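Next come the chains, spelled out residue by residue.
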Amino acid sequence: EKTYDVFVSYSHNDSDWVRGYLIPILVSWGLDVAIDNRVFIPGKSLDDHIQNTIITSKQVIFVCTQHFMASKWCLIEVEKTLKRKANNCIPLVLDGPGNVPKGLKNITWADLTDLQHDENEWQKLCLSLGGKWSEKTDQILADLKDIASFFGGFMNNKTTTYVVQRSHNVVH
């Protein structure tokens, strides 16, 4: 059975940001990433997919947002992961600490609430996942910083994702 460096657990309401921004950065670090639309095979139960992917992944990132907290499946993934590998969980916070599930609150998280292009937070995440920082990572973050400067307070995750996808030719 195939193993992965990291499984990304997220709400589908946040899929544009996850697939257009997070996944390209993780891949730029040389990580083998498991995400539902890439590894879940049609016809198999969702519960089996979740269990198997958690077991076969070294780490699990939880993209903590208000959408994540409202998703029954996301909270099930947290529960299943904590039962199997509590010390291999990484909360990635986008909407503030109020959107971190109770079981993950005692785990140090990567906080991208205010600045999604904060290189220090990304470097810490890269280190914790055993990735290797690359020129591609610098390029993605530089583009994001330029976009943030351009859009200022009018920018949100969807605007960011669309422009980053266009600039890096990301395909879902």
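None of these values were measured; they are calculated from a predicted model. Sequence positions are assigned chain by chain, starting from 1 and proceeding in written order. pLDDT decides what is reported in this predicted model: residues at 70 or higher carry local features, side-chain atom pairs at 80 or more are listed and counted, and totals for whole chains, interfaces and linings draw on all residues regardless. Calculated side-chain values reflect all of the structure's heavy atoms, with hydrogen atoms and water omitted.

J.: How do you make sense of the nonpolar core when you look at a structure like this?
T.: In these notes, a set of buried Ala, Val, Leu, Ile, Met, Phe, Trp, Tyr and Cys residues joined through side-chain atoms within 4.5 Å is what counts as a nonpolar core. Each residue is assigned to one of three classes by its accessible area relative to the maximum for its type, calculated with a 1.4 Å probe on protein chains only: buried under 20%, partly exposed between the two thresholds, exposed over 50%. The biggest cluster of nonpolar side chains holds 28 residues, and the ones touching the most others in it are Trp 17, Leu 26 and Trp 122. Per the convention used, a helix needs a DSSP run of H or I reaching at least four residues, while a strand needs a run of E reaching at least two, with both numbered from the N terminus. When contributions to this core are tallied by element, the ones reaching two or more residues are strand E1 (4–9), helix H1 (15–28), strand E3 (57–64), strand E4 (89–93), helix H6 (119–129) and helix H7 (135–151). Counting residues per element, this core draws most heavily on H1, at seven residues. Each residue touching Leu 26, except ones within four places of it in the same chain, is listed here: Val 6, Val 8, Leu 31, Val 33, Ile 61 and Leu 129. Counting residues in each nonpolar core, the second largest holds 17 residues, with Phe 7, Val 39, Cys 74 and Val 100 among its members. Residues are treated as being in contact if the distance between any of their heavy atoms lies within 4.5 Å.

J.: Could you clarify how one ought to interpret the sheet that holds E3 in this entry?
T.: What the five strands build is an open sheet, ordered E2-E1-E3-E4-E5; its pairing is parallel. Of all strands in the sheet, those bounded by a partner on one side alone are strand E2 (33–34) and strand E5 (110–111). In the sheet, E4 pairs with E5 via two bridges, with the strands oriented parallel. Bridge pairing in E5 links Val 93 to Asp 111. Angles run from 0 to 180 degrees between N-to-C directions of axes, and those axes are lines fitted to C-alpha atoms, restricted for helices to the stretch in contact. The strands touched by helix H5 (residues 72–85) are E1, E3 and E4; relative to E3, the strand with the most contacts, the crossing angle is about 145°. Two strands are counted as paired when DSSP detects at least two bridges linking them.

J.: What should I look at first to understand the side chain of Ser 9 in this one?
T.: By the secondary structure assignment, Ser 9 is in strand E1. For Ser 9, a relative accessible area of 0% puts it in the buried group. Excluding residues that lie within four positions of it along the chain, Ser 9 makes contacts with Val 60, Ile 61, Phe 62, Val 63, Phe 68, Cys 74 and Glu 77.

J.: Sorry if this is basic, but what is going on with the confidence of the model for the chain here?
T.: Detailed reading of the predicted model is not advised wherever pLDDT is low. The predicted model of the chain has a mean per-residue pLDDT of 82, with 82% of residues at 70 or higher. No element of the chain has a lower mean pLDDT than helix H8 (residues 157–168), at 45, and none a higher one than helix H4 (residues 66–70), at 95. Contacts from residues 153–172, a stretch scored under 50 in pLDDT, to residues over four places away or in other chains number 34 contacts. Confidence scores here are pLDDT values: one per residue, from the predictor, ranging 0 to 100.

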